[in-house]
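A structural walkthrough
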Amino acid sequence: MGQQRLEGLTFSFPLPPAYAPCTTPFEHLTKVTIDNLKVETHHRGQYLLLRTLTPTHFLASVTGAVEDEEGNVLMLQLYNQETAVVDRGGFSGGTVMVVVEPYLHRLRDGSCGIRVDHPSDLRILSDHEASVSVQWRQQVLGSEMDAMQWKAKGNDAFNARDYRLAIECSTAPSPSRSHQFDAAFQDLNTIPQTSEKPLLRKAQALYHLQRFAESCEVHEVLEKEFPANSLAQSEFARANARLAEQQTGVFPFKQMQREATRRSPPLLDHATYIGPVAVRPNPSAGLGVFTTKAVKAGDLLICEKAFAYAHVELNDYPKSSTCRIDPLMTEKLAKNRSLTPEITALYHGEYESVDGREVDNLPVVDSFLLDRIVSLNAFGCCPSLREIHLRSWGSDGCPSGTMNDVSATGVWPLISRINHSCHSTALSTFIGDMMIVRATRDLPADTEVTCMYRSVHRDRDAPGPNMPPLALSCRNWGFQCTCILCQDHAATRAGSLSRRHKLQQELEVVLAMHRAWGPDPMKVDALLTKIAGTYPRPAAEVPRLALERGYPLLALLYASLDNPRRAIGFAVKALEALGYVVEGALAPYSSGGGRLRVKGWGAVTEGLVGCWVTLAHSYRKVAPALAPQASPHHPIHIPNPESPTPITVSLPTAYNIPPPFPTQKVIPESPSKR
């Protein structure tokens, strides 16, 4: 059973035992009829010629009744079809198709049907093809239609999102309009490069393949030969902007934030930037991402556009199936074979796919391979993490009263190469379908970049002395985390872990009993001191995650009571508990305002953003010069830190809407044995 988890919702779709797509050329296949098929059998080396009897419909698959040339009838189920097919409910009646190496599957009601999981195993035939019998030809033959009739028919098909028919009918095919950018580029290469329209389409195809340097080169020729083309000028400026982003890593983050909050889905037109990092072998984890030079905390390492991204309005459950990302990836690879190596090289467990990537000049797409890749590499996310934090902590001191009502999932191929560590060296965040990775500490050259696949705040300490759930989850990715937090957890005596667990339960009770009006700070402080005593090593060596929630709440409490000095004291305690070493954070403050400096960087957790916000808020009252110095240290790195957004904090906001953890990898159910 395939699954996609998104913010509490699980969308399921049935998966049969994995089988390989057809890689045999069509000329080597033998025609077979329905009455010769065997149940639960993949008929290798054979093909079916079918025609739809009625228009198909879509639920979990594109489904409809089909017949062969002898009049035998069966149900046909098509999975992982392109979005245009799904959106219009499938195919019209009378559509002729070939199913290569058909699979006769027993349906849930006990009947049998032909199931197609790989899109490359289905081929739609045109009426004029020789393999289509005369009695099945419903359309007028091409020789009986003039060019204008074909063009009108192609335009009607395109408007109906029937791109197969549109390309077949058009006298001037435009594969780029159907997202077949590889085909568009190859076709346009055969046309003399002195024509205005082909040059523009070639530049556009290269743009959508993210080959911005080549797109700009074509635009330079276009600008020289056709300087009056205003559309080309606009496209050239856009390509130059993407090329600059790709080369420099300078992005208009504020503009991107606004775009992400306005668009649905929040698909942004920006380039992928790869900073001072490279993919290299990791002795214990296959491949990993490493720094190529020394970087500072907060430096941009990667800003990557999603290869595939799907979102869902959680209040619009009937449309939730659109959040499945597998069909989007399948369609993109089927239309652009040059993108295949980047995706199929991602980690996919023990599943072994076919060797062939192409048959009959068409790409071979293994849906089961993509299912494993998605389940092991996809990230669950939100459209704008910054907006979530502002809504969570309150931009005016009052709770927003609403939670994030949009969830999304996506695949970012390069960032998927980053390995997990509970004590990570980087943090990933989102703006729409752009994923941003920044260093969370100063890193020397040749240091591995790591991120947390899941929040360890509750997983590491709250469950008790037994193996933490995170370790169990990591097994599904095929590794056991050996970070300092995991090592310390394993080395700590069971008695200390049990005592820590009981104290945390007491702390939760105290916080829950006084949630409406705030906890007793003395009781909370006493419990936190006892919890700290269960850690044998200093926080600077091993962050104390069990303290991560309590100290920030005490800081927030005193900030709301207009006691900034106590708020600062507990905010600093929270940072120190996470392993941070902050110089100049506590009184006495110099007359010139002093200097706030982070000398040692610690763990990045859920409450860290709020802790810095509280600190900056409190400094405005006792040491105004330090307030702007605190703001740039937000892990989400709000753009333009010299002019941070003023945020007023309040205790009820923190209690009612705890900030979500920035990003979590979608957790696979179990290791793949396919």
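Residues numbered from 1 in each chain as written. Predicted model: local features only at pLDDT ≥ 70, side-chain atom pairs only at ≥ 80, totals over all residues. Heavy atoms only, no water.

The name given to the chain in an unreviewed UniProt entry is SET domain-containing protein, with Aspergillus aculeatus as the source organism.

**Notes on the overall build of the chain**
When helices and strands are counted, the chain shows 22 helices and 28 strands. Within the chain, the fraction of its 674 residues that count as buried is 54%. Here the analysis covers contacts within the chain between residues at least 6 apart in sequence; of these, 69% occur between residues at least 24 apart. (Helix = DSSP H or I, 4+ residues; strand = E, 2+ residues; numbered from the N terminus. Buried < 20%, exposed > 50% of the residue type's maximum accessible area, 1.4 Å probe, protein only. Contact = heavy atoms within 4.5 Å.)

**Notes on the pairing of strand β10 (residues 103-106)**
In terms of strand pairing, strand β4 (residues 41-42) meets β10 through two bridges, oriented antiparallel. Bridged to H42 within β10 is Y103. Where β10 meets strand β11 (residues 112-116), four bridges bridge the pair, whose relative direction is antiparallel. Opposite L104, over in β11, you have I114 as the bridge partner. (Pairing = 2+ DSSP bridges.)

**Some points on helix α9 (residues 326-335)**
Two residues of an α-helix separated by three or four positions point the same way, owing to the 3.6 residues in each turn. Summarising burial for α9: seven of the ten residues are buried, a large majority. Among the residues of α9, D326, P327, M329, T330, E331, L333 and K335 are the ones counted as buried.

**Focus: the pairing of strand β7 (residues 62-67)**
For β7, the tally of buried residues reaches six of six residues, placing the bulk of the element in the interior. Neither face of β7 is left uncovered, since the one carrying V62, G64 and V66 and the one carrying T63, A65 and E67 both have all their residues buried. The pairing of strand β5 (residues 46-52) with β7 spans two bridges and is classified as antiparallel. Residue pairing across strands places R51 opposite E67, the latter belonging to β7. With six bridges connecting them, β7 and strand β8 (residues 73-78) associate as antiparallel partners. The residue bridging V62 from the neighbouring strand is L78, located in β8. Where β7 hands over to β8, the hairpin turn is made up of five residues, of which G71 adopts a positive phi near 90°.

**Some thoughts on the sheet that holds strand β16 (residues 300-305)**
In space, the four strands of this open sheet follow the order β13-β16-β24-β23, with antiparallel pairing throughout. Taken across any chain shown, the strands that pair with only one partner, and hence form the sheet edges, are β13 (273-274) and β23 (426-431). In this fold helix α8 (residues 253-262) packs onto β16, β23 and β24 (434-439), with an angle of close to 55° to the strand it touches most, β23. (Axes fitted to C-alpha atoms, helices over the stretch in contact; angles between N-to-C directions.)

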